[in-house]
Amino acid sequence: MKQLSLLIILTLYSLTSYAQFIKIKKGQWFLNNELSYFKTLGNFEDEFGSFVKLNNNNSFKYSKFSLKGRYDYSNKLALTTELPVVNSESSDSNFSRTNSGVPEVSFGVISKKSLWGFKIYPTAKLNIPLYTIDTNTDKSLLSDGAFFVSGGFKAVLSSSHFVPYFDTGIKYRGEGLSTLIYFDTGATAHLGNFFINTALET
């Protein structure tokens with residue numbers, strides 16, 4: 001399996017997003033949004049098994065705005081969907097390439113259990129690509145253009161203003177891409193009507 005880059009993502013959530021992994025109650029609907037930003041100055045090279053910095057301060061960055069929905073089918077099972085809008089930019093010493101669009105749509109399920117003071121949320125997700133990589137154009141990438149199915153669980157230690165969590169699972173990808181084991185950990189803090197989330201992801 002191929003290791004992905006290690007990165008830190010700072011994400012802002014609306015108030016309803018915070019409730020997404022806190023309480024599942026039959027008949028509830030949630031609509032919320034998520035904004036994330038990522039920038040890298042290097043690539044992970046299989047041949048060397050390490051990160052290699054791009055030349056001349058070249059970089060790749062993207063911002064993603066996701067509209068998310070959730071319906072609580074029962075007190076222990078929820079159905080989810082997500083539609084992201086991505087804007088990306090690849091820059092080198094001569095010029096920049098940009099692109100924007102909706103690269104995919106996803107559907108998932110979440111269930112709920114409790115263990116040792118944690119709330120445990122087993123999850124499954126299906127991602128359907130709406131974007132394909134066209135090697136005949138000179139635009140920056142919006143995604144890897146592949147479908148995937150994933151399964152795992154998220155563990156949350158609930159508190160009123162500070163919520164640590166960790167998330168792990170396995171992701172099977174199409175288009176000949178490798179199968180991945182993913183892991184991330186972080187915490188969500190309450191800031192008035194918003195919550196700020198800091199995560200370390202692999």
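What counts and how
- Residues numbered from 1 in each chain as written.
- Predicted model: local features only at pLDDT ≥ 70, side-chain atom pairs only at ≥ 80, totals over all residues.
- Heavy atoms only, no water.
- Phe/Tyr/Trp six-rings, centres within 6.5 Å; stacked < 30°, edge-to-face > 60°.
- Helix = DSSP H or I, 4+ residues; strand = E, 2+ residues; numbered from the N terminus.
- Buried < 20%, exposed > 50% of the residue type's maximum accessible area, 1.4 Å probe, protein only.
- Salt bridge = Lys/Arg side-chain N within 4 Å of Asp/Glu carboxyl O.
- Pairing = 2+ DSSP bridges.
- Contact = heavy atoms within 4.5 Å.

Enquirer: Please give an account of the packing of aromatic side chains that cites residues and values.
Expert: With the rule as written, the count across this model stands at five aromatic pairs. Ring centres 4.7 Å apart and planes at 40 degrees place the aromatic pair Trp29 and Tyr71 in the tilted group. Of this pair, Trp29 sits in strand S2 (residues 29–40) while Tyr71 sits in strand S5 (residues 59–72), and the two are 42 residues apart along the sequence. You can call Trp29 exposed: its relative accessible area is 66%. Seen in terms of ring centroids, Phe153 and Phe166 are 6.0 Å apart; in terms of plane orientation they differ by 80 degrees. Their pairing is edge-to-face.

Enquirer: Account for the pattern of salt bridges, naming residues and giving values.
Expert: Under the definition given, this model contains seven salt bridges. Across the salt bridge formed by Glu89 and Lys61, the nearest N and O atoms sit 3.8 Å from each other. Here Glu89 is found in strand S6 (residues 77–91), whereas its partner Lys61 is found in strand S5, with 28 residues between them in sequence. Take Lys61: its relative accessible area is 27%, and that puts it in the partly exposed class. Put simply, Glu82 and Lys125 hold a salt bridge, and the shortest N to O gap is 3.6 Å. Here the residue Glu82 occupies a position in strand S6, and Lys125 occupies one in strand S10 (residues 118–129), the gap between them amounting to 43 residues. By sharing partners, the salt bridges in this structure join Asp92, Arg97 and Asp138 into a single network.

Enquirer: Give me the lowdown on unusual backbone geometry, citing residues and values where you can.
Expert: Glycine aside, a negative phi is what most residues show, and trans is what most peptide bonds show. If you check the backbone angles, Glu175 has positive phi at about 60 degrees while not being a glycine. Assignment of secondary structure puts Glu175 in the loop between strand S12 (162–173) and strand S13 (180–191).

Enquirer: With reference to specific residues and values, describe the pairing of strand S8 (residues 104–111).
Expert: One ladder, built from six bridges, connects S6 with S8; its direction is antiparallel. Following the sheet pairing, Ala78 is matched in S8 by Ile110. Across seven bridges, S8 lies against S10 in antiparallel orientation. Each bridged residue has a counterpart across the sheet, and for Val109 the counterpart in S10 is Ala124.

Enquirer: Outline the pairing of strand S11 (residues 148–156), supporting the account with residue identities and numerical values.
Expert: Pairing between S10 and S11: nine bridges, direction antiparallel. Counted as the bridge partner of Ile120 is Ala155 from S11. Taken together, the nine bridges between S11 and S12 define a ladder with antiparallel strand orientation. Considered in S12, the bridge of Gly151 is made with Ile170.

Enquirer: Outline the environment of Lys119, listing residues and values.
Expert: Summarising the element assignment, Lys119 is placed in strand S10. Judged by relative accessible area, which is 28%, Lys119 ranks as partly exposed.

Enquirer: Account for the environment of Ile170, with residues named and values stated.
Expert: By the element assignment, Ile170 lies in strand S12. Residues Ile170 and Gly151, 19 residues apart in the sequence, show an inter-C-alpha distance of 5.7 Å. Not counting residues up to four positions away in its chain, the partners in contact with Ile170 are Val149, Ser150, Gly151, Thr179, Leu180, Ile181 and Tyr182.

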